[in-house]
Amino acid sequence: VAEIEARRAGILLEKANAVPDLRTSLALKSDHLRTRHSTGVGITDRIEYENRTISSDKKWDHTLFLEFSMDLPLFDRNQGGIAEAKHLLSKACAEWQAALVRVRSEVENCREALCTACDAIARLESDVIPTASKTVGAVEEGISLGRFTYFDLVKAVNDLHDARRERHDALLVY
């Protein structure tokens, strides 16, 4: 979500970069004055010739310059930068949606594994382990009556241990 907000801010930045900045400058110029001669020709309702000498009591001429300038965005309106920022936002949204789908899928897989483990534990505790315990008791009784061998007892005890181990493994998954 932070990535998406950053990309939205990037679009705003690129749009702001499309507007040119106003530049200002301020300068002070000081010139030493000296006597100057000027001649000129002027045309009004008649032709005039003028020759004059300019002198001043001041020794310095101070001029203050204030300048404002701004580029005209006729050809560069930063459309490429704005389009790139929009594509990056779309990419970030798509990645967020993909991550959301992955998380949902993982949660569903974990839920299914939990339900499977819970069902296995319930089945083992209610049916398999009690039946295996009864089988071991019956084989022990059958050995004393001569109906079963010790190999049958070992097999029944192994079946009981296998059922308990499956229950233990299911509890670990749970």
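Details of the structure are given in the entry above.
Since we're looking at a predicted model, the values are computed, not measured.

Cut-offs used in this document
Residues numbered from 1 in each chain as written. Predicted model: local features only at pLDDT ≥ 70, side-chain atom pairs only at ≥ 80, totals over all residues. Heavy atoms only, no water. Helix = DSSP H or I, 4+ residues; strand = E, 2+ residues; numbered from the N terminus. Buried < 20%, exposed > 50% of the residue type's maximum accessible area, 1.4 Å probe, protein only. Contact = heavy atoms within 4.5 Å. Areas by Shrake-Rupley, 256 points an atom, 1.4 Å probe, with all protein chains shown as cover. Salt bridge = Lys/Arg side-chain N within 4 Å of Asp/Glu carboxyl O. Core = buried A, V, L, I, M, F, W, Y, C linked by side-chain atoms within 4.5 Å. Patch = residues over 30% accessible without salt bridge, like charges linked within 9 Å, V, L, I, M, F, W, Y side chains within 5 Å. Axes fitted to C-alpha atoms, helices over the stretch in contact; angles between N-to-C directions. Parallel < 35°, antiparallel > 145°, perpendicular 65-115°, else oblique. Left-handed = near helix turned anticlockwise from the far one by under 90°. Nonpolar A, V, L, I, M, F, W, Y, C, P; charged D, E, K, R; others polar. Expected span 1.5 Å × (residues − 1).

Some thoughts on the overall build of the chain
Here is step 1: Tallying secondary structure elements over the chain gives three helices and four strands in all.
Here is step 2: Each helix and strand of the chain, ordered N terminal to C terminal, gives the series α-β-β-β-β-α-α.
Here is step 3: Burial status across the chain gives 14% buried among its 174 residues.
Here is step 4: The long-range share in the chain, meaning contacts at least 24 apart out of those at least 6 apart in sequence, stands at 70%.
Here is step 5: A total of about 14,300 Å² of accessible surface is found on the chain, and carbon and sulfur atoms cover 57% of it.

Some remarks on the pattern of salt bridges
Here the idea is simple: oppositely charged side chains can pair when their charged atoms come close.
Here is step 1: For the structure on display, the rule yields seven salt bridges.
Here is step 2: The partner of R8 in a salt bridge is E5, with the nearest N and O atoms 3.0 Å apart. On the criterion of helical spacing, the pair formed by R8 and E5 is a turn pair, its members being three residues apart in helix α1 (residues 2–18).
Here is step 3: Under the relative-accessibility criterion, R8 is labelled partly exposed at 41%.

Let's talk about the environment of E141
Here is step 1: With respect to the helices and strands, the residue E141 is situated in helix α2 (residues 79–145).
Here is step 2: With relative accessibility at 53%, the residue E141 sits in the exposed group.

Remarks on the nonpolar core
Here is step 1: Listed in full, the ten residues of the largest apolar core are L124, I129, A132, V136, V139, I143, L153, A156, L160 and A163.
Here is step 2: If you list the elements that add at least two residues to this core, you get α2 and α3 (150–173).
Here is step 3: Sorting elements by how many residues they give to this core places α2 first, with six residues.
Here is step 4: Sequence-distant contacts of A156, that is, excluding residues within four places in its chain, are made with T135, V136 and V139.
Here is step 5: Of all hydrophobic cores here, the second largest spans five residues; its members include I4, I11, A85 and L89.

Overview of a nonpolar patch on the surface
Here is step 1: Nonpolar side chains collect at one region of the surface, where L22, L26, L28, L64, L66, F68 and M70 lie side by side and expose about 830 Å² of accessible area between them.
Here is step 2: Mapped onto the nonpolar patch, the elements with two or more residues apiece are β1 (23–32) and β4 (60–69).
Here is step 3: For the nonpolar patch, the element with the highest residue contribution is β4, accounting for three residues.
Here is step 4: By the secondary structure assignment, L28 is in strand β1.
Here is step 5: Under the relative-accessibility criterion, L28 is labelled exposed at 63%.

Some remarks on the packing of α2 against α3
Packed helix pairs are characterised by how far apart their axes lie and by the angle those axes make with each other.
Here is step 1: Between α2 and α3, the shortest axis-to-axis distance is 8 Å and the interhelical angle comes to 160°. Taken together, the axis directions place α2 and α3 in an arrangement best described as roughly antiparallel. Once α2 is placed against α3, the crossing between them reads as left-handed.
Here is step 2: In terms of residue class, the contact of α2 with α3 is made up of 20 nonpolar, two polar and six charged.

A word on α3
Each α-helix winds once per 3.6 residues, and so residues spaced three or four apart point in a common direction.
Here is step 1: In a regular helix each residue adds 1.5 Å, so 24 residues correspond to 34 Å; α3 covers 35 Å between its end C-alpha atoms and thus fits that length.
Here is step 2: All of the buried residues along α3 are L153, A156, L160, A163 and A170.
Here is step 3: In this fold, the buried residues of α3 make contact with α2.

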